[in-house]
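Here are the chains, one letter per residue:
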Amino acid sequence: MDGRDDRLDPLRSFTASSFRLDAERWQEFVLEKDNQVILNSFFSTPDYTNLFISRCRDSEAGLRVGLDFPKNVQTKVICVSKTGREVITKDNAREMLLIQEVLGDDAISFIIAVSEEVGCPLLSNPETNSSWASGVAEEALRFMERQKNEALVMKAQIEGRTFLPHPDALRDDHRPGNAVHDDAVHEGAPHDEPLRDSAEGWKLSDVKLLHACDSTIIEWAELVSEFLKQDSSQPVLDGLKPLPSEEFNFWKSRLKNLQFIQQQLRSSRAQQVASIVQKAESVYWATLRDIHRDVQEGLKEAEDVTLNLGPVQEKLEQVEQMEYQQLGDNMAAVMEEVCLLWIRSEFYCKPCRMVVLLQEVCNLFLQMSRKFLCGEEVMRCLVSDPGPVLDDVRLVIRTLQTLKEAYSQTRIQLEEEQSCWDFPSHLVFFHLDNFLLHMRCFSVSVQLYRLDQAVLSGVGGRMWSDVVQGVYQDFLCHVTVLSNFTCDPTDPDDQSFQQQLAQFQAQVSDLERRLVSVLSRAFEDCCSVSSAAKLVKMFGFILDRPLIQDQLRPHLLRLVEMVLEELDQTERLFQSQREKPDTFSRFLPTAAARHCWSHRLRLRAEDTLTHFTAVHNLYQDSGVAQQVLQRFQQIVDVLQDFGDGVRSSWSSQLDSDCGFILDQPLLQHNQQGMLGVNCSHKLEAVLRQLRYVSRETDVELHLHAARLYTCIDDITQSYLSLSHTMSCYRQAVSETLEEEIPLIQNQLQELNRTLSDLQRTTWSCEGVLQLVEQQRHRVMIFHATVSEARANMDAMTGILQGWAELQLLQRSDDSLLEGGATEQSCRRIRDEGQELLRLTQVNRRLYAAEDSSESWITYLDHIDDKVQDGLFQLLLRSLHFLSDNMNPESCSAVFLAVSLQLQETGSVFEPSVEGGLSDLLKSVISDIYTAASLPPRISVSRHGNYQESLQQNPDLSALEQEVMRRLGQVREEAELLKARLDRYSFLWLSSRAAVMKEFLKYSRQLGPEELEAEGAPPTLKDFHREIESLGRRRTDVTQLDEVVVLHSWLQVDLRPFRDSLLSVLQDWRHMYTQYLLGAVSNSLKQVTQRGEDEDSSSSSRFPLTETILLLEAAGVELPEHLAAQLQC
């Protein structure tokens, strides 16, 4: 239908005039899709008799159209009514259509109230119309009655009800006594009075009144018939997609309207009409009875349907409030309510009505699915985030498929109950199937997204993976183009999207052709069924495409052959290895291992069959499948026979072993004479087999095995407890020291007497667990006592070992010895000695020994020997420390240090090499021995401390003598060093005054053999000679070593000696230079006094200029007063 449809001409002209519309607005109104559906339904369907047009702000044209009167309308409404139940054509449009303009709800109520309360009473009052011409008042009253009836009809239509108008001739003046009021219609009060048998006060000859009643009955019959013909399936027949809520509202509205019609038929005026036609024996009396009957039956039907639709409505309302992810789990419950509606309802169990309801249920889920998907979001997220979009699409498909499965289950259930649905299913799922097909096409087309994760292995895997990624990139380009198309992909009626989707599918088909070559090569490279199954799993989302499946059929056939070969290989492996014991696991009993081996072979065959299933789903060939299944069954049968034989022999052997174990005593001496658990290895094997049998329900247990199995938990616990008990017993007995045996002899004998009970008890005896626990408690007490005592002994041994590694002597930061033993080491020895004494007392309490007992004294002497040995190791280590550090061959750094100093008496060592170092070493050795006196004596039978005992030790004495010998060696070397430096002794032994006197007299120092010599006063050259000689000696002294190490361990510091000697040399040099300065001073005084030139002075022995030059060469500066005189 379009704007040029001729049937719209009467409606167009009236509407344009009433609402003042221009042609463009009318064209927009007609071209709206929803309006076209409604207009076409009204014109083409006889059942629709009314059409209403009103203003609406939401519409582009500003108008809305509907088949029901619009609610809450305050403005005028155009009402288009058919004069008959016919299809409107362009030829009869003007004759069949009645178009009128009415006001909204408030206006109609006003008209009704004015007519009833004002108009009709005023016109029916004789005092008012007495002056009127004859017939005018009656005509005006009839007009007012018709206007009121029309308003009541319109009001009822607005409220969705059917109003039954009354005859115009039936007014108050026709019935004497009281006025007629339609209380049932206007007040809503029902009247249950029966039809009256007489119409008192009426004239049966009044043909005009009878005719009016007959016409009214005819009109009632048409209205009621028209209403009863209304069906909830009409929207479906019109091509609409109604929801279940419309079905529920239809029947609720139908029930209310029928109740309203029944109230009108029971009203006082309706009873008057019935009385008139009954008394007059009118032919319409039967029609009136039919109306009553039809309304009553319709009311019964509506009540039944409304009542039974309630649970369905309640369930669907609950479903609408759920999250979409929960819908799939509630489909069965929805269909169950629909099934109960079919079973319980007397009037709704009709195929046509059930089809309509099921279609409406499908429409509801379609609406919820489209709302969940949100079509615009689907298109927008295709490129940016396709994963969630595809997951949502697959969820929708699964959910709607679940609805169809629930429908099928319900249908099967009804067939079993002989109450089947005999209507085709496609009538129910027509729209849903179209939607599913649409979604599947869309989902399948975009599934190539999963190519992003495809990685092929093998020789050419990298190359083929790159090809697949190239296909994936091209696919992304096509998806991008599709996502740019603005449409709703969830609307199957959108033809524009269908075209775009078809184009996209063609592009995807091209990409699939490119993938075929890659997959063909990949299947050719598969060397096993498992790798082929992995390939099928990786590309399974596209392998079911017809295009790809046809191309890969030869490769799939080859994979089937590989499946058969794998099954044959499994059987060959079984036949070749079944008699070889090394085939089975070494960690299980032989029978259990054989059983596990056969079970693993069966799992291997089942895995092969599983891989075949993955391939066979793509290659449908019943003959091949039957061949594979037969081959698999043959292998399973062979393995089953083998397993049955294993279980039978296993059961017999296990019963024999269990009988042997039950007759064996719990404890027995082994070949070494030690007491232990009897047949422990065999018992463990039996228990392990029984545990394995408990998981294998098909292994039969005979008498002895069943008996042992019933108490397996107690025996297992007893065995574990007994094994632990005997392990502790052997540990306590085997690791006993010779000195400990007398201390634990009594406890050990008592324990052996109690364990003898277990040697007489077998595993079949009653109360084994209780007896084992009793003996375990006693053994554990003994073991704890011995273990604690040995732990204390180990702690003492650890202390003594620590002494052997203790450093009594330490070096200082410059690698020199720091006096004697350190205070920290002595404190540790003293404290640990007290700890040794405490631990021995703890052991005495543990062994419950007497202080004076011989066994305890012997035990203390043993500990005392260990303590003395530990102290010996401590002293030996310390003396070795001295000896090694004084050994030129083994010492690595300086050990002791002295310094050589120049005193008035000559050069001396500080401290003295003879006395000082000897006293230091003797003090250190004394401190070492003193450390042995710090710990208290452990033994009570030995006297004196450990120092007294160790001082007599020859090894320690030998080391002490070795230290003193090496001290003597270094003393000799030190004296030689001192003698070499005494060559400078004349500098500190000679008198400088005497030497100067002798020099001034003889110009040199006389030798020892010269007693007298000729006097010769010194010249400047003599002074220069002496100063130069002292300078050379100063250079020699300066080049002396600062430190000298003797024998690699004694450091001699020469710096004090050198510094003192340099000071003495400086004094000698100063003596000569001071004499020359005096000569210069005297010469300057003489020159100043005489005023003569220095060269002409005969009183000076030394030339002034040469003297000054000599002093400057010697590094002596003239005093300031001499320098000033010289400048003058």
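Criteria and cut-off values
For every chain, the first residue of the written sequence is number 1, and numbering continues from 1 along that sequence. Confidence filtering applies because this is a predicted model: local features only for residues at pLDDT of at least 70, side-chain atom pairs given and counted only at 80 or more, and all residues used for totals across whole chains, interfaces and linings. The side-chain quantities take in all heavy atoms of the structure and omit both hydrogens and water. For two strands to be treated as a pair, DSSP must find no fewer than two bridges joining them. Counting from the N terminus, the helices are the DSSP runs of H or I reaching at least four residues and the strands are the DSSP runs of E reaching at least two. A 1.4 Å probe rolled over the protein chains alone gives each residue an accessible area, and that area as a share of the maximum for its type sets the label: buried under 20%, exposed over 50%, partly exposed in between. Multiplying 1.5 Å by the residue count of a helix minus one yields the expected span of that helix. Among buried residues, those of type Ala, Val, Leu, Ile, Met, Phe, Trp, Tyr and Cys that are joined through side-chain atoms within 4.5 Å constitute a nonpolar core. Angles here are taken between N-to-C directions and fall from 0 to 180 degrees, while the axes themselves are lines fitted to C-alpha atoms, restricted in helices to the stretch in contact. When the centres of two rings from Phe, Tyr and Trp lie within 6.5 Å, Trp using its six-membered ring, the rings pair. Their planes under 30 degrees apart give stacked, over 60 give edge-to-face, and anything left gives tilted. Any Lys NZ or Arg CZ found within 6 Å of a ring centre and within 35 degrees of that ring's normal is scored as a charge over the ring.

A. The arrangement of the pairing of strand 8 (residues 906-910) in detail. The sheet contact formed by strand 7 (residues 896-903) and strand 8 spans five bridges and is antiparallel. Note that in strand 8 the partner of L900 across the bridge is F909. The loop that links strand 7 with its antiparallel partner strand 8 comprises two residues.

B. Molecular detail of the pairing of strand 3 (residues 77-82). In terms of burial, strand 3 is a largely internal element, six of the six residues being buried. Neither face of strand 3 is open: one carries V77, C79 and S81, the other I78, V80 and K82, and all of them are buried. Examined bridge by bridge, strand 1 (residues 50-55) and strand 3 share four bridges and lie antiparallel to one another. Bridging across to strand 3, L51 finds its partner in V80.

C. Region of the structure containing helix 15 (residues 351-373). Here helix 15 is 23 residues long and its end C-alpha atoms lie 32 Å apart, about the 33 Å a rise of 1.5 Å per residue gives. Helix 15 sits mainly inside the fold: 17 of its 23 residues count as buried. Positive phi shows up at C374, right after helix 15, with a value of about 55 degrees.

D. Up close: the nonpolar core. Within the largest apolar cluster, 114 residues are counted, with the highest numbers of intra-cluster contacts made by V867, L882, W1049 and Y1072. Grouped together as the second largest cluster of nonpolar side chains are 74 residues, L164, L209, A270 and L327 included.

E. Up close: the sheet that holds strand 7. Read from one edge to the other, the open sheet built from four strands follows the order 8-7-10-9, with strand pairing classed as mixed. Each end of this open sheet is capped by a strand with a single partner; those strands are strand 8 and strand 9 (1043-1046). The average undirected angle you get between the axes of adjacent strands in this sheet is 25 degrees. Where strand 7 lies against strand 10 (residues 1050-1053), four bridges are found, and the strand directions are parallel. Residue pairing for strand 10: L896 is matched across the bridge by L1050.

F. Layout of the environment of T1105. The topology assignment puts T1105 in helix 40 (residues 1104-1113). Measuring from C-alpha to C-alpha, the distance between T1105 and V1080 comes to 8.9 Å, with 25 residues separating the pair along the chain.

G. Inspection of the packing of aromatic side chains at higher detail. Tallied over the full model, the rule gives 14 aromatic pairs. A ring pair is formed by Y847 and Y859, whose centres lie 5.8 Å apart and whose planes are at 80 degrees; its orientation type is edge-to-face. In this pair, Y847 is assigned in helix 31 (residues 823-847) and Y859 in helix 32 (residues 854-885), connecting sequence segments twelve residues apart. Owing to a relative accessible area of 3%, Y847 belongs among the buried residues under this scheme. Each member of the aromatic cluster is reached from another via a ring pair, and the members are W342, Y407, W421, F423 and F429. Against the face of F227 rests R254, its NZ or CZ located 5.4 Å from the ring centre. Lying across the ring of F429, K404 places its NZ or CZ 5.5 Å from the centre.

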